[in-house]
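Listed below are the residues making up each chain.
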Amino acid sequence: MSCGVCRSPGCSAQLAYGEQRRRIEREEGGIPLTRLAVTTTRIPLSPEVVNSSRRRRSRRLWQVLPRLKLLPSPPITVTATSLSPAFPNECAEKGKKTKWLSNKTVDVTTLGNLCVDIVLNVPQLPPASVEEKFTYMKRLVAAPPDESYWEGGGNCNLTIAGARLGLHCVTLGHVGNEKFGHFLHRVLENEGIEHVDIQEEDNSPIGDDDYDGSTLLCWVLVDPSHQHAFCSRFDFNKNPAFSRIKQLPAGAKSVIQKSKALFVNGFAFDELAPSVVLDAMMCAQEAGCAVAFDPGPRAHTLFRSTVHNRNILEQLLCLCDILLLTADEAEVLTGMADPLASATALLSRGKLSKWVVLKLGADGCLIATSEGIYGAPAFKVDVVDTVGCGDSFAAAVMLGYNMRVSVPITTTIALANAVGAATAMGQGAGRNVASAAKVTDILSGIQQQRGKDSEEHLSISSFGTIMPDASPVKPFSIPMHTAAHDALNLLNITLNKSHSSEMLV
């Protein structure tokens, strides 16, 4: 009998797989399991624990054991990339080119929020009053700097970081037919990112009469103390910039239906009517495409405005599979200052929520799931600029969520923290977000600290079961160097898969 991953006979992965299958079939009354997926679950074991066959397995505190799970119909399968000891890395490496059936050809699609950032150093940040700020922006627009000051902004940050992690990314949004639009197209094309415009093919107007359809600009202003301020026409619009778009065109919906995940952030409401955003999210849910929502600063404006806008926010929270936000934003939505409490409340509140991800900046992150809540501190690096850190962190979360069947959540946390840290080491976002090489350097450095006297004893912790209907899970922790090792393997596999995608059958 050959291994289902590497196809070689007598593989230890196959032996472990068969052992677990026989055990589960006995527990299920001998019912044969036909369509199977292999998932990996980290189970806390003491050094003296033995496995289900009563044989001593390992003296490591952490043991990753395979579990079998019936796939939903129709069957959706992915490239085998398990990183557990039961499925050795070399086994996964041999199997990474195995193409399993799937109708999802796009890893992540983003909705809206495409703009060109113009980054300027200024002696002081713009004034706070709306009138003075508008006059300030008009002076900037009248004399824009040359292309050396331009950068891809908004959702370009997430898609560039995602593409560098090996994801196939598509952006849905509007880009104008002028020098800024041509620049943005070049940036996306050079990074291997596809763009699908949400303007109808007849090129009919998409905004109010005062909007000429040009690419949206965002002025990123940095003072001598490295504080940032953002200035754009979004700050002064009464209506969404693309107010005449009442529904997404068929081409945009087709992309969503072919995607594994749709990413939406709160800035989408600066461009699109709430009904259009909700329509896109419902299209994704109906197509089996996971929805990720990051409200960003708009969490404050939506929650503290009209009853209508608060109802829209509640609908979004109910429609998303993944909710990403900062601790401050979570406090706004829940009234709870404690990150653990707010993450738990948001997970319970979202009808479809699988993951609630809290970005804690220098304190790392928390990910709450129905099985438990996990947290880890941030990696210590020399921070140059934090712009784009949250976006690139989110790209790694999307990768981990798409591969959650075979990748432990602790691996996702290690990878996401490393990607965010790598972005913080550069100046600005866009093409300056984390590269695969920088992420590899960070993870390799953590992995190599194992056993050294200078090792910082970082760990990823689980705080146990938080949902009343979940199976009991006791609190545990895993050394960061272990998670970094798995994250590095995951990154290598996704990059190899991306580079050899034309070889997949």
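Residues numbered from 1 in each chain as written. Predicted model: local features only at pLDDT ≥ 70, side-chain atom pairs only at ≥ 80, totals over all residues. Heavy atoms only, no water.

Asker: Where do I start with the sheet that holds strand S5 (residues 150-154) in this structure?
Answerer: Through backbone hydrogen bonds, the strands of a sheet pair up, either in parallel or in antiparallel fashion. Judged by pairing direction, the sheet is mixed, and its 4 strands sit side by side in the order S5-S4-S8-S9 without closing on themselves. Two strands bound the open sheet, and with one partner strand each, they are S5 and strand S9 (228-232). With strand direction ignored, the average angle separating the axes of adjacent strands in the sheet is 35°. Sheet topology note: the strand S4 (residues 114-121)/strand S8 (residues 217-222) ladder contains 6 bridges and is parallel. Across the sheet, residue Val 116 finds its bridge partner in S8, namely Leu 217. Contacts from helix H4 (residues 156-164) reach S4 and S5 within the one sheet, and its direction differs from that of S5 by about 95°. (Pairing = 2+ DSSP bridges. Helix = DSSP H or I, 4+ residues; strand = E, 2+ residues; numbered from the N terminus. Axes fitted to C-alpha atoms, helices over the stretch in contact; angles between N-to-C directions. Contact = heavy atoms within 4.5 Å.)

Asker: Is there a simple way to think about the confidence of the model for the chain in this case?
Answerer: Reading predicted coordinates in detail is not appropriate for stretches of low pLDDT. Chain-level pLDDT for the chain is 75 on average; 73% of the residues reach the 70-or-more range. Across residues 453-457, where pLDDT falls below 50, the model places 5 contacts with residues more than four positions away in sequence or in other chains. (pLDDT = per-residue confidence, 0-100.)

Asker: Sorry if this is basic, but what is going on with the packing of helix H14 (residues 409-424) against helix H15 (residues 436-448) here?
Answerer: A pair of packed helices is captured by two measures, namely the crossing angle of their axes and the spacing between those axes. H15 packs onto H14 with a crossing angle of 120° between their chain directions and a minimal axis gap of 9 Å. With respect to H15, the element H14 is oriented oblique. Classified by chirality, the crossing of H15 by H14 is right-handed. From H14, Ala 414, Leu 415, Ala 418, Val 419, Ala 421 and Ala 422 reach across to H15, where they touch Lys 438, Val 439, Ile 442 and Leu 443. Partitioning the contact of H14 with H15 into residue classes produces 9 nonpolar, no polar and 1 charged. (Parallel < 35°, antiparallel > 145°, perpendicular 65-115°, else oblique. Left-handed = near helix turned anticlockwise from the far one by under 90°. Nonpolar A, V, L, I, M, F, W, Y, C, P; charged D, E, K, R; others polar.)

Asker: Hey, could you run me through the pattern of salt bridges in this one?
Answerer: Any two side chains of opposite charge can pair if their charged atoms end up close together. Considering all chains together, one arrives at 9 salt bridges under this definition. For the salt bridge of Arg 186 with Glu 147, the shortest nitrogen-to-oxygen distance reads 3.1 Å. Linking Arg 186 in helix H5 (residues 179-190) with Glu 147 in the loop between helix H3 (130-142) and S5, this pair joins segments that are 39 residues apart in sequence. With a relative accessible area of 38%, Glu 147 lands in the partly exposed category. As a salt-bridge pair, Arg 349 and Glu 314 come within 2.4 Å of each other at their nearest N and O atoms. (Salt bridge = Lys/Arg side-chain N within 4 Å of Asp/Glu carboxyl O. Buried < 20%, exposed > 50% of the residue type's maximum accessible area, 1.4 Å probe, protein only.)

Asker: Hey, could you run me through the environment of Pro 295 in this one?
Answerer: Along the polypeptide, Pro 295 turns up in the loop between strand S11 (290-294) and helix H9 (298-303). Measuring from C-alpha to C-alpha, the distance between Pro 295 and Leu 324 comes to 7.5 Å, with 29 residues separating the pair along the chain. Beyond its immediate sequence surroundings of up to four residues, Pro 295 is in contact with Gly 266, Leu 323, Leu 324 and Leu 325.

Asker: Sorry if this is basic, but what is going on with H4 here?
Answerer: Along an α-helix, residues three or four positions apart point the same way, because every turn accommodates 3.6 residues. Burial analysis of H4 places 9 of its 9 residues in the buried class, which makes it a mostly covered element. Within the sequence span of H4, burial applies to Cys 156, Asn 157, Leu 158, Thr 159, Ile 160, Ala 161, Gly 162, Ala 163 and Arg 164. In the segment just after H4, Gly 166 is the residue with positive phi, at about 100°.

Asker: Sorry, what's going on with the state of the cysteines here?
Answerer: Put plainly, two cysteines are in a disulfide when a covalent bond ties their sulfur atoms together. Taken as a whole, this structure holds 0 disulfides when the rule is applied. Summary of cysteine pairing: Cys 115 is not part of a disulfide, and the nearest cysteine sulfur, belonging to Cys 218, is at 5.3 Å. A relative accessible area of 5% places Cys 115 in the buried class. Sulfur of Cys 318: no disulfide; nearest cysteine sulfur belongs to Cys 320 and is 8.3 Å away. The class of Cys 318 is partly exposed, set by a relative accessible area of 22%. (Disulfide = S-S within 2.5 Å.)

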